[in-house]
Amino acid sequence: MAQYILALDQGTTSSRAILFDETGHPLATAQQEFPQIFPRPGWVEHNPHDIWRSQRDVARAVLDQRGVRAADVRAIGITNQRETTIIWDRATGEPVYNAIVWQCRRTAAMCDALKAEGFDRIIREKTGLVTDAYFSGTKVAWLLDNVPGVRPRAEAGELAFGTVDSWLLWNLSGGALHITDVSNASRTLLYNIHTGDWDTEILARLNIPRALLPEVRPSSEVYGETAAHIFGAPIPLAGIAGDQQAATFGQVCLKPGMAKNTYGTGSFVVMNTGQDGMASGSGLLTTILWQLGAGEPVTYGLEGSIFVTGAAVQWLRDGLQIIDSAAAVEALAGQVESAEGVYFVPAFVGLGAPHWDAYARGTLIGLTRGTTRAHIARATLDAIALQTRDVLEAMHRDSGIALSALRVDGGASQNNLLMQIQADVLGVPVERPAVTETTALGAAYLAGIAVGFWSCCDDLEANWQLERIFEPRMLDAERERLIAGWQRAVERAKHWEQETGA
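Computed from a predicted structure; not experimentally measured. (Residues numbered from 1 in each chain as written. Predicted model: local features only at pLDDT ≥ 70, side-chain atom pairs only at ≥ 80, totals over all residues. Heavy atoms only, no water.)

**A short note on the layout of surface pockets**
Thought 1: Considering only enclosed or pocket space, the largest pocket measures out at about 1100 Å³ in volume.
Thought 2: Along its surface, the largest pocket is lined by 43 residues, and Tyr263, Gly264, Thr265, Gly411 and Ala412 are the ones closest to its centre.
Thought 3: Counting residues per element, the lining of the largest pocket draws most heavily on helix H11 (residues 310-318), which supplies five residues.
Thought 4: Looking at side-chain class alone, the lining of the largest pocket contains 13 nonpolar, 21 polar and nine charged residues.
Thought 5: Approximately 550 Å³ is the volume found for the second largest pocket.
Thought 6: Taken together, 22 residues make up the lining of the second largest pocket; nearest its centre are Gln36, Phe38, Gln103, Ala311 and Gln314.
Thought 7: The element that contributes the greatest number of residues to the lining of the second largest pocket is H11, accounting for five residues.
Thought 8: Split into classes, the residues belonging to the lining of the second largest pocket amount to 10 nonpolar, eight polar and four charged. (1 Å grid on protein atoms, 1.4 Å probe; cavity = no way out; pocket = protein on both sides within 12 Å on 5 of 7 lines; lining within 4 Å. Points joined across faces, edges and corners; volume = space filled by probe spheres on them. Helix = DSSP H or I, 4+ residues; strand = E, 2+ residues; numbered from the N terminus. Nonpolar A, V, L, I, M, F, W, Y, C, P; charged D, E, K, R; others polar.)

**A short note on the packing of helix H13 (residues 373-399) against helix H14 (residues 416-426)**
In helix packing, the relevant descriptors are the interaxial angle and the interaxial distance, both defined with respect to the helix axes.
Thought 1: Contact pair H13 / H14: the axes reach a minimum separation of 9 Å and the direction vectors enclose 45 degrees. As the angle between them shows, H13 and H14 are arranged oblique. Remark: the crossing between H13 and H14 carries right-handed chirality. Of H14, the residues touching H13 (which contributes Arg378, Leu381, Asp382, Ile384, Ala385, Leu386, Thr388, Arg389 and Leu392) are Leu417, Leu418, Ile421, Gln422, Val425 and Leu426.
Thought 2: Class assignment of the residues belonging to the contact of H13 with H14 gives a composition of 10 nonpolar, two polar and three charged. (Axes fitted to C-alpha atoms, helices over the stretch in contact; angles between N-to-C directions. Parallel < 35°, antiparallel > 145°, perpendicular 65-115°, else oblique. Left-handed = near helix turned anticlockwise from the far one by under 90°. Contact = heavy atoms within 4.5 Å.)

**Quick notes on the pattern of salt bridges**
Thought 1: Summed over all chains, the structure comprises 29 salt bridges.
Thought 2: A salt bridge links Arg56 to Asp57, with the nearest nitrogen and oxygen atoms 3.1 Å apart. (Salt bridge = Lys/Arg side-chain N within 4 Å of Asp/Glu carboxyl O.)

**Observations concerning the sheet that holds strand E1 (residues 4-10)**
Thought 1: A sheet is described by the order of its strands in space; here six strands give the open sequence E3-E2-E1-E5-E14-E13, paired in mixed fashion. Edge strands, defined here as strands with exactly one partner in the open sheet, are strand E3 (26-33) and strand E13 (220-225). Mean inter-strand twist for the sheet, computed between neighbouring axes without regard to direction, equals 25 degrees.
Thought 2: Two elements, E1 and strand E2 (residues 14-20), share six bridges in a ladder whose sense is antiparallel. When the sheet's bridge partners are listed, Leu6 is paired in E2 with Leu19.
Thought 3: Its contacts with the sheet put helix H10 (residues 243-250) on strand E5 (73-80) and strand E14 (236-242), and the angle it makes with E14 is roughly 100 degrees. (Pairing = 2+ DSSP bridges.)

**Some points on the packing of aromatic side chains**
Thought 1: Taken as a whole and assessed by the stated rule, the structure comprises 19 aromatic pairs.
Thought 2: Ring geometry for Tyr445 versus Trp454: centroids 4.8 Å apart, planes at 90 degrees, classification edge-to-face.
Thought 3: Overall, the relative accessible area of 1% leaves Tyr445 in the buried class.
Thought 4: Chaining the aromatic ring pairs together yields one cluster made of Trp102, Tyr134, Phe135, Phe268, Phe307 and Trp356.
Thought 5: Above the ring of Trp43, the side-chain terminus of Arg106 is found at 3.8 Å from the ring centroid.
Thought 6: Across from the ring centre of Trp464, 3.6 Å away, lies the NZ or CZ of Arg407, which sits over that ring. (Phe/Tyr/Trp six-rings, centres within 6.5 Å; stacked < 30°, edge-to-face > 60°. Buried < 20%, exposed > 50% of the residue type's maximum accessible area, 1.4 Å probe, protein only. Lys NZ or Arg CZ within 6 Å of the ring centre and 35° of its normal.)

**Some points on helix H15 (residues 438-450)**
Thought 1: Compared with the 18 Å implied by 1.5 Å per residue over 13 residues, the 18 Å span of H15 between its first and last C-alpha is a close match.
Thought 2: Summarising burial for H15: 12 of the 13 residues are buried, a large majority.
Thought 3: Directly after H15, the chain includes Gly452, whose backbone phi takes a positive value near 80 degrees. (Expected span 1.5 Å × (residues − 1).)

In structure tokens, the structure reads:
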């Protein structure tokens, strides 16, 4: 009988499940969107039950599509939206509050206070992260301080904190597993990436009890199995990685210096730096990419996180209503040769790397009477590519490694016009693989390696195939003009909320 690996890809706006065969080819996919909750400006939440139900349902659906039994699935790998924070009751599994999503800015003032006292330097040194509301640590502190009754219950060991991977594993295992992996732990603001443990000093400063935290395990290991009733028989749970680490693994960026960009709700550029946790002087993050089994070395990377890229296209669809579907942006933007001086800085929730300005806000500038919706659509694609360039330039400064090509994946990598713009503003080729579901594929690979379905790393490199390469065509002078205008627009978007007192 054929054997498969099931990948669960729990994202910011939807849950997906993909079934892979031994060649790394996706055989079946199921996807389900779930509601976004915006209680106040800058606040973003999810109902944890929506996350779990949608993920469980698509996992069942993808097996049903192919008529695959649980016994035919060698293992399940999980990849997840990172930093999103959930606290739940260990006895009942009931969340104490909604999930606070990575995009949420409610703890920006808390981060400012940590910076004012200089504690951000300690956080940076130990975690590799900047002190920003993006990460889980201050979200946990907010829940402990603001949800009635949570702190004493947490201190008594009655509650569990987890990022989305932990929440899914808890539910999949029927409450038997409260764990995370090194990649997700490294995004919490609470984990010392050099010692490989939750950091006592940071926990004390944020007043977070250690009893709340999950056990940290390798990214590729058999952790346990699913409760039998979920799929009809137990399936090994064997791989975990945060979405961007999983995508880097799925792109087979296994050697130092290899880099990829994933275009999703936000965009995330990651470069493998090997066993060196390289500090950044350019606003990038030093993060753990993966650990392939207990006792194996940890692989580190540099990452630049861009908060809003695909979400900007969704805004054109849902906010401005100038396109009917996200895919329609390519045709609309293609109606004009350029944005003709229009720039869109989609800083809806602030700016991430390399700027890290929580008070920046979205800016549409350079409008004239001749500006059309096509120019705005083109400016949106430009913004996605230019934000990516900002991060790659910072990565070059930090690592000293000149980029020779960029591997791309995620939904918007299917937009040929965007990929051409990306190659043009970078001045290097953009490589799109035959399988662009690399986030889910990376989770599948990690689980499959743990159970011997694949060997690392020859099998994975043999599976990676190029579908299309985009060569840069833009003249240097035109590129420089575009970049200079972009930089002016970004400066005008910065510090907006702070300056106006909004």
